[in-house]
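This is what each chain is made of:
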Amino acid sequence: MVFRGTIADASDFDPTADAEALYNAMKGIGSDKEAILDLVTSRSNAQRQEVIAAYKSNFGQDLIDDLKYELTGKFERLIVSLMRTPAYHDAKEIHDAIKGAGTNERCLIEVLASRNNKQIHDMVAAYKDAYGRDLEEDVIADTSGHFKKMLVVLLQGTRDESGVVDADLVQQDAQDLYAAGEEQWGTDEAKFIMILGNRSVTHLRMVFDEYEKIAEMSIEDSIKNELSGDFERLMLAVVQCIRSVPMFFAKRLYKSMKGLGTADNTLIRIMISRSEIDMLDIRECFRLRYEKSLYNMIKDDTSGDYKQTLLNLCGGDDDLAGEFFPEAAQIAYKMWELSAMTRVQLRPTVRPAPNFDPAADAQALRKAMKGFGTDEDAIIDIVARRSNAQRQEIRQAFKSLLGRDLMKDLKSELSKNLERLIIGLMLTPAEFDAKMMRKAMEGAGTDEHALIEILVTRSNQEIHAMNAAYQDAYKKSLEDAVQSDTSGHFCRILVSLVQGAREEGPADVERANADAQELADACNADSDDMVMKFMSILCTRSFPHLRKVFQEFVKCSNKDIEQIIKKEMSGDVKNAFYAIVCSVKNQPSYFADRLYKAMKGLGTDDRALIRIMVSRSEIDLFNIRKEFKETHDDSLHEFIQVETMIGDTSGDYRKTLLILCGGED
């Protein structure tokens, strides 16, 4: 096995000299923390065990006890954990995850999904030795259902590691997984458990490829559709580890540090457990996925001796757009291949109401608005629980039966964000998009992010309808409005997208190779030529074709298209091209990220929140919810509930958003 860690055996190692150095660093008043962290992080775990033994032989004291006494907080946890053997460290993490009132399911999932057979056997033995208890019995007592069953299967440490693959069995397993999930009503969870819990890594990778051909969607998307809760998270983690353990840990590390606060236990556990195994690959996967080095994220998110220890384990910074390690290039290529093969079933959260009666709804809305006061609940329950087509019928019925303009009445009765949201729902999709484009350009400043989001994610048909609605509402062409409000290359990109002339249809493999080479060559041209070449391909080719182009770009350049855009471009041009790439790769994930950015931090960007919730509720908001949960570990429902409390004193705005969201994940 090739060494891909950042911590290796120190040369000229002398455990007695190290023990003495640690003793001197801790004696007297205060301790030399820098000396401790430098020594501990420059020795392998096996060498640390020799230092522990030498410390006891020379000073008659327990080194771990002394470290616990001298150090405090997260730094103490990190250093003490580094002194434990990998098996005892894993055993302690699992013990801490299941002891007490609550269970840390994410820790159980991470450890058991990612360890090989030997690591699991060693951990089970260490748990028995340290706590005098049977690990399997403790897991069974603390978990339930299919989640428990899969954990027990993983705890056996019996995954096939022979490397032998039976092509017939690959075909059979792919067919069995399809039959157990997508092909039938309900899911045969036992079949998923048996296959994903026992087959070899090589075998399962081939099964996943075969499954995609049969189901026309990835195994991950099937799991998201068929399973739920901790069992879903566990099975997704197993699949991610089968595909790429370094990528799995890169995602876990990112989640541990993003947003407010750091999940230090997760950060410590991963940095320690992977430092001698595959930290170099994790760093590369991290950079590939997040366009930021792991080193810099740790640097920005932690402080003091704790930070320095983690940076030592990380082992170095990675140039943002440097070339891939071979393993990471393969992962990047595979990611685009998966994106190209995936056929996600788009699922809305708002559907046509059964037994729909537009006249009754029109009367009910009038009743909710006439007289003193307004019945907001009645308005919300009708508007948010009807499809857009049904709302248009209600608008017509309101005018036909009552001789009144429903939109005007709603505007006069509602206010602030609730009014914006309800009016947005009552407009046709084309009218709503046209209005959002207008709002993004009116007044002193321009909301470039809104312009990009709308023009990048709409189909040709939707763009044509929006153009017509804009002309009708504002007596000016959308193209003229864009040209008068933006400039330079950014203006050219938007004008290109406003045409709604993107090619449609599948990838042309030969042309995709040529396009990829042209993009790679453009990276060596001057910046103006580079932007124009990128625009000529990114703004005109079909999304399926671009997936293939971006995949082949990795092969041509040994770099990822996202990294090149981040590194070589700037401002609105960079944001526009980056949005195209993200939408091509996974559009629901792009919207999930936009929603997160709209709500995180101080203050909520309500216009962005309303725009996405309204425009996607009948298309793919369910998929967006799933991506939000997977990326941010919080459900979209929960996030909306917390982030929209400020300024929404009545809760009506929040209630409407939550109805559109369609449920908790």
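Worth saying up front: this structure is predicted, and the values here are computed from it rather than measured.

Calculation rules
Residues numbered from 1 in each chain as written. Predicted model: local features only at pLDDT ≥ 70, side-chain atom pairs only at ≥ 80, totals over all residues. Heavy atoms only, no water. Helix = DSSP H or I, 4+ residues; strand = E, 2+ residues; numbered from the N terminus. Rg over C-alpha atoms; globule rule 2.2 N^0.38 Å. Buried < 20%, exposed > 50% of the residue type's maximum accessible area, 1.4 Å probe, protein only. Areas by Shrake-Rupley, 256 points an atom, 1.4 Å probe, with all protein chains shown as cover. Lys, Arg positive; Asp, Glu negative; His and termini not counted. Charge placed at Lys NZ, Arg CZ, Asp CG, Glu CD. Contact = heavy atoms within 4.5 Å. pLDDT = per-residue confidence, 0-100. Salt bridge = Lys/Arg side-chain N within 4 Å of Asp/Glu carboxyl O. Domains from an automatic or database assignment. Buried area = accessible area lost by both parts, 1.4 Å probe. Nonpolar A, V, L, I, M, F, W, Y, C, P; charged D, E, K, R; others polar. Core = buried A, V, L, I, M, F, W, Y, C linked by side-chain atoms within 4.5 Å. Expected span 1.5 Å × (residues − 1). Arc of directions from axis to C-beta. Phe/Tyr/Trp six-rings, centres within 6.5 Å; stacked < 30°, edge-to-face > 60°. Lys NZ or Arg CZ within 6 Å of the ring centre and 35° of its normal. Axes fitted to C-alpha atoms, helices over the stretch in contact; angles between N-to-C directions. Parallel < 35°, antiparallel > 145°, perpendicular 65-115°, else oblique. Patch = residues over 30% accessible without salt bridge, like charges linked within 9 Å, V, L, I, M, F, W, Y side chains within 5 Å. Disulfide = S-S within 2.5 Å.

(A) How the structure looks around the overall build of the protein chain. From N to C terminus, the protein chain includes 40 helices and zero strands. By the compact-globule yardstick of 26 Å for 665 residues, the protein chain fits well, its C-alpha radius of gyration being 28 Å. Expressed as a percentage of the 665 residues in the protein chain, the buried residues total 53%. Carbon and sulfur atoms form 48% of the exposed surface of the protein chain, whose accessible area is close to 28,500 Å². Here the protein chain contributes 86 positive and 112 negative side-chain charges, whose respective centroids are spaced 5 Å apart.

(B) View of the environment of L288. With respect to the helices and strands, the residue L288 is situated in helix 18 (residues 279-290). Look at L288 and you get buried, because its relative accessible area is 1%. A C-alpha to C-alpha distance of 26 Å links L288 and D620, two positions 332 residues apart in sequence.

(C) Structural view of the environment of R199. Tracing the sequence through the fold places R199 in the loop between helix 12 (189-198) and helix 13 (201-215). Separated by 115 residues in the primary sequence, R199 and R84 have C-alpha atoms spaced 31 Å apart. Every residue in contact with R199, bar those within four places of it in the chain, is listed here: R159, D160, L169, D173, M194 and L204.

(D) Here's a closer look at the side chain of D173. With respect to the helices and strands, the residue D173 is situated in helix 11 (residues 167-180). Exposure remark for D173: the relative accessible area of 1% places this residue in the buried category. Setting aside residues no more than four positions away along its own chain, D173 makes contact with I195, R199, H203 and V207.

(E) Looking closely at the confidence of the model for the protein chain. Predicted confidence across the protein chain gives a mean pLDDT of 91, with 94% of residues reaching 70 or more. Here helix 21 (residues 326-341) stands out as the element of the protein chain with the lowest mean pLDDT, 70, in contrast to helix 29 (residues 460-474), whose mean of 98 is the highest.

(F) Here's a closer look at the pattern of salt bridges. Going through the model one piece at a time under the given rule, you end up with 42 salt bridges. One salt bridge connects K213 with E210, and the closest N-O pair in it is separated by 3.8 Å. Of this pair, K213 and E210 both sit in helix 13, three residues apart, roughly one helical turn. Given a relative accessible area of 57%, K213 falls into the exposed group. Taking the relative accessible area as the measure of exposure, E210 reaches 18% and is therefore buried. Close ionic contact of R404 with D409 constitutes a salt bridge, the shortest N to O distance being 2.8 Å. By relative accessible area, which is 32% here, R404 ends up partly exposed.

(G) Examining helix 37 (residues 606-616) more closely. Most of helix 37 is tucked away: ten of the eleven residues are buried. Of the residues making up helix 37, those classed as buried are D606, A608, L609, I610, R611, I612, M613, V614, S615 and R616.

(H) Representation of the domain arrangement of the protein chain in the model. We note that the domain assignment places domain 1 (86-156), domain 2 (167-243), domain 3 (358-426), domain 4 (429-499) and domain 5 (587-661) within the protein chain. Listed per partner, the contact involves six residues of domain 2 and four residues of domain 5. With both chains or domains summed, domain 2 and domain 5 bury close to 410 Å², and 35% of this area falls on carbon and sulfur atoms. Interface area lost by domain 2 to domain 5 is led by K224, R233 and Q240, which between them contribute 74%. Along the contact surface separating domain 2 from domain 5 lie three salt bridges. For the side of domain 2 that touches domain 5, the residue count by class is two nonpolar, one polar and three charged.

(I) Quick peek at the nonpolar core. Counting 211 residues, the largest nonpolar core has F534 and F577 as its most contacted members. Counting residues per element, this core draws most heavily on helix 36 (residues 571-599), which supplies 15 residues. Ignoring sequence-local partners within four residues, the contact set of F534 consists of L519, A522, C523, C539, I561, I564, I565, M569 and F577.

(J) Inspection of helix 24 (residues 388-402) at higher detail. Counted at 1.5 Å a residue, the expected span for helix 24 with its 15 residues is 21 Å, and the 21 Å between its end C-alpha atoms agrees. Buried residues of helix 24: N388, Q390, R391, I394, A397 and F398, and no others. Down the axis of helix 24, the buried side of the element spans an arc of 170°, and every buried residue falls inside it. Away from the buried face of helix 24 by more than 90 degrees, exposed residues A389, Q396 and S400 are located.

(K) Summary view of the packing of aromatic side chains. Applying the stated criterion across every chain, the model contains 15 aromatic pairs. Measuring from centroid to centroid gives 5.1 Å for F286 and Y290, while their planes differ by 55°, and the two rings are tilted. Placement of both F286 and Y290 in helix 18 is noted, with a separation of four residues, approximately one turn of the helix. Assigned by exposure class, F286 and Y290 land together as buried. Its end group placed over the ring of Y578, K566 keeps NZ or CZ at 4.5 Å from the ring centre.

(L) Region of the structure containing the packing of helix 30 (residues 478-485) against helix 31 (residues 488-498). At a minimum axis separation of 9 Å, helix 30 and helix 31 run at an interaxial angle of 170°. Considered as vectors, helix 30 and helix 31 are oriented roughly antiparallel to each other. Counted together, L478, E479, V482 and Q483 of helix 30 and C491, L494, V495 and V498 of helix 31 form the full contact between these two elements. Here the residues of the contact of helix 30 with helix 31 are counted per class, giving six nonpolar, one polar and one charged.

(M) Structural context of a negative patch on the surface. A cluster of acidic residues, D32, E34, D38 and D305, forms a negative patch on the protein surface. Relative to the helices and strands, D38 is located in helix 2 (residues 33-40). D38 gets classed as partly exposed once you look at its relative accessible area, which sits at 38%.

(N) Geometry of the state of the cysteines. Scanning the entire structure with this criterion turns up zero disulfides. Considering cysteine sulfurs only, C285 is the nearest to C314, which forms no disulfide, with 13 Å between them. Residue classification places C314 among the buried positions, given a relative accessible area of 0%. Free of any disulfide, C491 has its nearest cysteine sulfur in C539, 12 Å distant.

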